[in-house]
Structure formats: C-alpha cells, structure tokens
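Now for the letters of each chain:
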Amino acid sequence: MRVIHFTVGAGDPLWGAGARGVDFVPMLTGDSAFQLGCLHLEKGAMSNRPAPEHACALLVVQGTATLLDPCRIDLIGGMGIALQRGENIRMESRGGAVLLIVESAGLEATEVAISTPDRISGQRWPGE
C-alpha cells in the first residue's frame, strides 16, 4: 500500500496553455495511457485545456469551476465532464476548486452518470 497526497501544496504550477492559478499533482499511471491527477484551482484561476491525446474526465471534488468553452456550464462538487480525444476546453474558478483528472485511451460516461432533468431534479447532498 502507498499513501498518496494530493492536498494543496503537493502540486506544481501549470505553465502554458493560458494557465493561471492552477497547480497539478500527478498521482497514478497505468496501462493503456491511464493517468490520474489532481488540479488545484486557486480563486480566479483560468485554464485553457489543450486537446488531450486521450479521452479525459474532469471531476469536481470540492469548490466550483465554470466551463467557458465550448459551452458555459457551472460545475460544483460531485459534477464533472467527459471529453473525447481532441476536445478543447477553457475553464475558470472564481472561488477555487479541487478536480480529479482521469485520462485513458477510451472513456465513456455511463447512462447512470449522465445528467438529465428527470435524474437530477431535486437531488441533494447528505446534510443539505
């Protein structure tokens, strides 16, 4: 067993791709181009995610992030996006956020995970 830290301060700043206020912690690698990492977005962070070489999922663990391109979507903890190879995005975080980033040769969102009005209407986190 190995203990993995992806707390604030464990990453290194991202440079390029229009990144500002973004730290990255590479956490796991595996077969078939699998990678798992963590992005820490400071308040006011901005990032232009270049087209990934593989399919990619960005999962918000804590805080809020706003996808600006190709469409505007406000993401909160418990939400994410799945990108296919070659899809570009641009995002910001006004209040800060922690995201997990998963890359693999192929990723497909399951029917259960896809947001639809019938599925998510009235849903709340425990304690809300």
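A quick note: this is a predicted structure, and the numbers were derived from the prediction, not measured. (Residues numbered from 1 in each chain as written. Predicted model: local features only at pLDDT ≥ 70, side-chain atom pairs only at ≥ 80, totals over all residues. Heavy atoms only, no water.)

## Focus: the confidence of the model for the chain
Keep this limit in mind: Confidence scores per residue from the predictor, reported as pLDDT, run from 0 to 100. Starting at the N terminus, helices and strands are each numbered in turn, a helix being any DSSP run of H or I of at least four residues and a strand any DSSP run of E of at least two.
The share of residues in the chain with pLDDT of 70 or more is 87%, and the mean pLDDT across the chain is 85. No element of the chain has a lower mean pLDDT than helix α1 (residues 117-120), at 64, and none a higher one than strand β8 (residues 97-104), at 93.

## Here we look at the nonpolar core
Our working rule: Among the buried residues, those of types Ala, Val, Leu, Ile, Met, Phe, Trp, Tyr and Cys that are joined through side-chain atoms within 4.5 Å form a nonpolar core. Only protein chains enter the accessibility calculation, which uses a 1.4 Å probe; a residue is then buried when its area is under 20% of its type maximum, exposed when over 50%, and partly exposed in between.
The biggest cluster of nonpolar side chains holds 17 residues, and the ones touching the most others in it are Leu39, Leu41, Leu58, Ile81, Ile89, Met91 and Leu99. At the level of elements, β3 (35-49), β4 (55-69), β6 (80-83), β7 (89-93) and β8 are the ones that each hand at least two residues to this core. Considering each element in turn, this core owes the most residues, five residues, to β4. The next biggest cluster of nonpolar side chains, apart from the first, holds eight residues, and it includes Cys38, Val98, Leu100 and Val102.

## A short note on the environment of valine 98
Quick reminder of the rule: It only takes one pair of heavy atoms within 4.5 Å for two residues to be counted as in contact.
Note that valine 98 resides in strand β8. When the C-alpha positions of valine 98 and leucine 59 are compared, they lie 8.5 Å apart, and in sequence the two are 39 residues distant. Each residue touching valine 98, except ones within four places of it in the same chain, is listed here: Cys38, Leu39, His40, Leu59, Val60, Val61 and Gln62.

## Here we look at the pattern of salt bridges
Spelled out, the test is: Every case where a carboxyl oxygen of Asp or Glu lies within 4 Å of a side-chain nitrogen of Lys or Arg is listed as a salt bridge.
For the coordinates displayed, the defined rule picks out two salt bridges. Across the pair aspartate 69 and arginine 90 runs a salt bridge whose closest N-O atoms are separated by 3.0 Å. On the criterion of sequence distance, the pair formed by aspartate 69 in strand β4 and arginine 90 in strand β7 is long-range, its members being 21 residues apart. What makes arginine 90 partly exposed here is its relative accessible area of 30%. Across the pair glutamate 92 and arginine 94 runs a salt bridge whose closest N-O atoms are separated by 3.5 Å.

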